[in-house]
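Summary of structural features
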Amino acid sequence: MESMILEVAIDTPLRQVFDYRPADGEGVPVPGTRVLVPFGRRQVIGIVVSHKERSEHSEDRLKRILRAIDPQPTLDAPLLKLLRWAADYYHHPLGEALATALPKLAREGAALLAAVEVWHLTDAGRAALAAGEPRRAPRQRAVLEALQHRTEGPERAGTTAVLGTEAVLGTEAALLDDTLPGWRDAARALRDRGWVERGTRGATRASPAAPATAVPPAPPRRPAPTAAQQAALEAICARDRDSYHAWLLHGVTGSGKTEVYLRLTEDALAAGRSVLVLVPEIGLTPQLVGRFAARFAGVPLAVLHSGLTDGARLAAWRRAHSGEARLVIGTRSAIFAPLPALGLILVDEEHDASFKQQEGGFRYSARDLALVRAQGLGIPVVLGSATPSLETLHNAATGRMTRLTLPERAAAARPPLLRLIDLRAERVHAGLATTSVTAIERHLAADGQVLVYINRRGYAPTLACTACGWVAPCASCDARMTVYRNASRLRCHHCGADRELPRQCPTCGYAVKTVGQGTERVEETLAESFPGVAIARLDRDVVRRSDQLEAVLERVAGGEARILVGTQMVTKGHDFPAVTLAVVLNADQGLFSTDFRAAERLAQTLVQVAGRSGRGAQAGEVLIQTEHPEHPLLRSLLDGGYDAFAARALEERREAAWPPFARLAALRASAPSAETTLSFLDAARRIAGRPPQGLRLLGPAPAALARRADRHHAQLLLDAADRTVLHRFLDHWLPLVETLPEARRVRWALDVDPLELF
Ligand code: ADP
Ligand code: ZN
Ligand code: ZN
């Protein structure tokens, strides 16, 4: 033991771990433990990643760690292994990869365990609730009900016996944060009336080995599975719970995938395991969380997403780490959530691009890592989608995954009717064809709701001069500025530049006009055409926080708004049963792109938009406006549905040797000048020498939008026949790239399995 050396990962861009000796007279911290170490002139927090017998460095010169931050590891062995795998696969420094897995406050040394804020009903509160109070404060009532639900739910039976008093039980504030936005004011008012009390309770760490005590009982109300749901559940449950298997759950929107997730979750929880649910950034609506929370009323739940404050994120992470939260629902980075007894991973809308980190240094795919994590743990993983990615369909076709299909809509709704509208043969006003306007009229008259999809926010994408041909450019980007007429501003969607809307052309003084349309303008046009009809808009300008999203969704779901105009945001899993018509204003953007994934994205969007229509009892109608009604992609989609499209698109990928029939990585760089960017990429290419058999280097090529925020962007693309060739090459090449003098003058990053090529 005398010569025990600890390898410690530290959050630096250096591709190495650092050797330390254990602290004097203390035990040796196991891998995964946070430790305080001297590092240069500073003291930093690192993570022990392994032990070894001896160091390549002279041992008496090795420093000792100062102390372990906690007595137990922060990352358990399987999670540490996952992160090491990911750092390796994405060729990213381990220290930075590990840092990604921890909330900021945990990286900075916050304790693993904390006292937890809880609220509970008093006897007076219970009596008031029973008496139907408070009558005129619905939010206060909702808080009382939530507290009653929790404390008197099934959990109570198991736990009160042990703890003796209900006072230590209660509902965690963090849970209320997740499920009842704005609950705190109501809770304060209730406390003033003596109906609720606030307390704290120490978090305890459940032993991963021992199944949790509180087995959730069968939830009160759940629908009997449909035949297809039943078949899917039987297939999954027929396998050993303790062995890896990957499933694709392919079901159209409304076919009942979420119901399958809920059943599988119920099973895993009953077996004493915990469950991780990954959802796309925008899909994480209180609706979905609410559905899980309602179904598993007694089960502590943690929600992890990018909108949390540092404190809330730490709190949620702690509840996962302690084993207390048995159910974790989160976006991309939740793939690294610590869950001691993880027994099932669910990835909803697996095709969604937000699962891939596309910025910064560590560009991982949470969807792909879900498979790796499940494999490492020997547990099942389910990827669900109405429009699976071509990669996943290929995996299913080649046997790496088993595909399960939910062909019909669960609640007996009929599939929507899709129709193309030829824009060349129609009168079009402000982007809306006459046929679309007539159809909207018809559906409104029949008490339906209408969804209008346009993939552009703002009023209009261009401001142009009526005389000299000037268009408003962004000074910092190769892009036009978007017109915001209500705010009377011009804004750049690429760099955020924002300035006053000019009234005249700055070069010739003539009048300016807007060209094209965004959501704001479509909303205005519809308001003119349908006076008195309430319209809701959903795009990133309207919705900056999740409670704003919830407010818009409520206006639509509650029937107050009859027309919903929106971007991509409207396509993500929200349930609007009364929408009977969906209109797609500009399908053509994806048809002729240079990006090989554009067609796939368009098809997914069209199918997802279509899925918003006719979810209730009525069949829906979907109108797709296009100038290319004969385009083979649109035809295959209309004639054969997503499966036909996917088969065709996969065949094209095979012929062109694009993923999944090849492996890509992109070396991306940016600098203030094009010369600097390109000279780095040129040097990187030169230093590669002659690439190995089966690998091509393409470029450097400037990005389609080369100048963004006053920086020039370009990339070098690596195109390999298979994964081994690619990674062997990267292992050898990246360290060389890193030492190039040109590398110091640019920002660069490697993107393995890039989603977007520019
Ligand atoms: P998806 O996740 O595939 O969009 P959901 O699980 O949300 O589908 O189901 C769509 C609708 O059908 C929901 O309102 C849900 O409550 C209902 N539903 C799902 N499964 C069943 C079932 N077996 N019986 C009756 N209704 C169901
Ligand atoms: Zn002009
Ligand atoms: Zn700009």
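Computed from a prediction, not measured in an experiment: that's the story for all the values here. (Residues numbered from 1 in each chain as written. Chains lettered and ligands numbered in written order. Predicted model: local features only at pLDDT ≥ 70, side-chain atom pairs only at ≥ 80, totals over all residues. Heavy atoms only, no water.)

**A short note on the coordination of the zinc ion (ligand 3)**
- All of the protein donors around the zinc ion (ligand 3) are Cys-474 (SG), Cys-477 (SG), Cys-492 (SG) and Cys-495 (SG); their distances to the metal are 2.3 Å.
- The coordination sphere of the zinc ion (ligand 3) comprises four donor atoms, whose angles at the metal cover 103 to 113 degrees; the geometry is tetrahedral.
- Every donor residue of the zinc ion (ligand 3) comes from the same chain, spaced as C-x2-C-x14-C-x2-C. In this pair, Cys-474 is assigned in the loop between strand E20 (462-465) and strand E21 (482-484) and Cys-492 in the loop between strand E22 (489-491) and strand E23 (498-500), connecting sequence segments 18 residues apart.
- With a relative accessible area of 5%, Cys-474 lands in the buried category.
- Owing to a relative accessible area of 4%, Cys-492 belongs among the buried residues under this scheme. (Donors = N, O, S within 2.8 Å, 3.2 Å for Na, K, Ca; no water. Tetrahedral: all angles 85-135°; square planar, octahedral: opposite > 155°, others 65-115°. Helix = DSSP H or I, 4+ residues; strand = E, 2+ residues; numbered from the N terminus. Buried < 20%, exposed > 50% of the residue type's maximum accessible area, 1.4 Å probe, protein only.)

**A word on unusual backbone geometry**
- Omega for the peptide link from Pro-659 to Pro-660 comes to 5 degrees, which places this bond in the cis form.
- Structurally, the position occupied by Pro-660 is in the loop between helix H19 (632-656) and strand E29 (663-671).
- Geometrically, the link from Gly-699 to Pro-700 is a cis peptide bond, its omega value of 5 degrees lying close to zero.
- By secondary structure assignment, the location of Pro-700 is in strand E30 (residues 695-708).
- Although it is not a glycine, Ala-430 sits at a positive phi angle of roughly 50 degrees.
- Ala-430 gets classed as buried once you look at its relative accessible area, which sits at 12%.
- Phi at Asp-447 is positive, roughly 70 degrees, even though this residue is not glycine.
- With respect to the helices and strands, Asp-447 occurs in the loop between helix H15 (434-445) and strand E19 (449-453).
- Given a relative accessible area of 64%, Asp-447 falls into the exposed group.

**So, the environment of Leu-501**
- Here Leu-501 shows up in the loop between E23 and strand E24 (512-515).
- We classify Leu-501 as buried; its relative accessible area is 15%.
- When the C-alpha positions of Leu-501 and Arg-485 are compared, they lie 7.8 Å apart, and in sequence the two are 16 residues distant.
- Discounting residues that sit within four places of it in the chain, Leu-501 has contacts with Leu-463, Val-483, Ser-488, Arg-489 and Leu-490. (Contact = heavy atoms within 4.5 Å.)

**Considerations on the site of ligand 1**
- Around ligand 1, 17 residues are found, and the nearest of them are Ala-224, Gln-229, Lys-257, Thr-258 and Arg-291.
- A distance of 2.9 Å separates an oxygen atom of ligand 1 from a polar atom in the backbone of Gly-256.
- Within the side chain of Arg-291, a nitrogen or oxygen atom sits 2.7 Å from an oxygen atom of ligand 1.
- Coverage of ligand 1 by the protein chains reaches 76% of its 550 Å² of free accessible surface.
- No other element matches the three residues that helix H10 (residues 257-270) contributes to the shell around ligand 1.
- Looking at the shell around ligand 1 residue by residue, the class counts come to five nonpolar, seven polar and five charged. (Near = heavy atom within 4 Å. Polar contact = N/O pair within 3.5 Å; in protein donor to acceptor, adjacent residues only side chain to side chain. Areas by Shrake-Rupley, 256 points an atom, 1.4 Å probe, with all protein chains shown as cover. Nonpolar A, V, L, I, M, F, W, Y, C, P; charged D, E, K, R; others polar.)

**Overview of the side chain of Asp-19**
- Looking at where Asp-19 falls in the secondary structure, it is placed in strand E2 (residues 18-20).
- Polar side-chain contacts of Asp-19 include one of 3.0 Å to the side chain of Lys-52.
- The residues contacting Asp-19, other than those within four sequence positions of it, are Ile-5, Leu-6, Glu-7, Lys-52, Ser-55, Glu-56, His-57 and Leu-62.

**Points about the coordination of the zinc ion (ligand 2)**
- Only Cys-465 (SG), Cys-468 (SG), Cys-505 (SG) and Cys-508 (SG) from the protein reach the zinc ion (ligand 2) as donors, at distances of 2.2 to 2.3 Å.
- Taken together, the four donor atoms coordinating the zinc ion (ligand 2) and their angles of 100 to 116 degrees define a geometry best described as tetrahedral.
- Sequence spacing among the residues donating to the zinc ion (ligand 2) works out to C-x2-C-x36-C-x2-C.

**A look at the packing of helix H1 (residues 77-89) against helix H13 (residues 366-377)**
- One can describe the packing of H1 onto H13 by two numbers: an axis separation of 10 Å at closest approach and a directional angle of 140 degrees. With respect to their mutual orientation, H1 and H13 come out oblique. The interaxial crossing formed by H1 with H13 has right-handed handedness. For the pair H1 and H13, the contacting residues are Pro-78, Leu-79, Leu-82, Trp-85 and Ala-86 in the first and Leu-369, Val-372, Arg-373 and Leu-377 in the second. (Axes fitted to C-alpha atoms, helices over the stretch in contact; angles between N-to-C directions. Parallel < 35°, antiparallel > 145°, perpendicular 65-115°, else oblique. Left-handed = near helix turned anticlockwise from the far one by under 90°.)

**A look at the confidence of the model for the protein**
- When pLDDT is averaged across the protein, the result is 88; 91% of the residues are at 70 or more.
- The spread of mean pLDDT over the elements of the protein runs between helix H6 (residues 154-163), the lowest at 33, and H13, the highest at 98.
- In this model residues 203-215 is a low-confidence stretch, pLDDT under 50, and it forms 17 contacts with partners more than four residues away in sequence or in other chains. (pLDDT = per-residue confidence, 0-100.)

**Re the sheet that holds E29**
- As summarised here, the arrangement of the four strands in space is E30-E31-E29-E32, forming an open sheet in which the pairing is antiparallel. Every interior strand has two partners, whereas the edge strands, E30 and strand E32 (747-752), have only one. For this sheet the average axis-to-axis angle between neighbouring strands, irrespective of direction, equals 20 degrees.
- As defined by bridge partners, E29 adjoins E32 across six bridges and the pair is classed as antiparallel. Residue pairing across strands places Leu-667 opposite Leu-750, the latter belonging to E32.
- On the sheet, helix H20 (residues 674-687) packs against E29, E30, strand E31 (711-720) and E32 and is oriented at approximately 20 degrees with respect to E31. (Pairing = 2+ DSSP bridges.)

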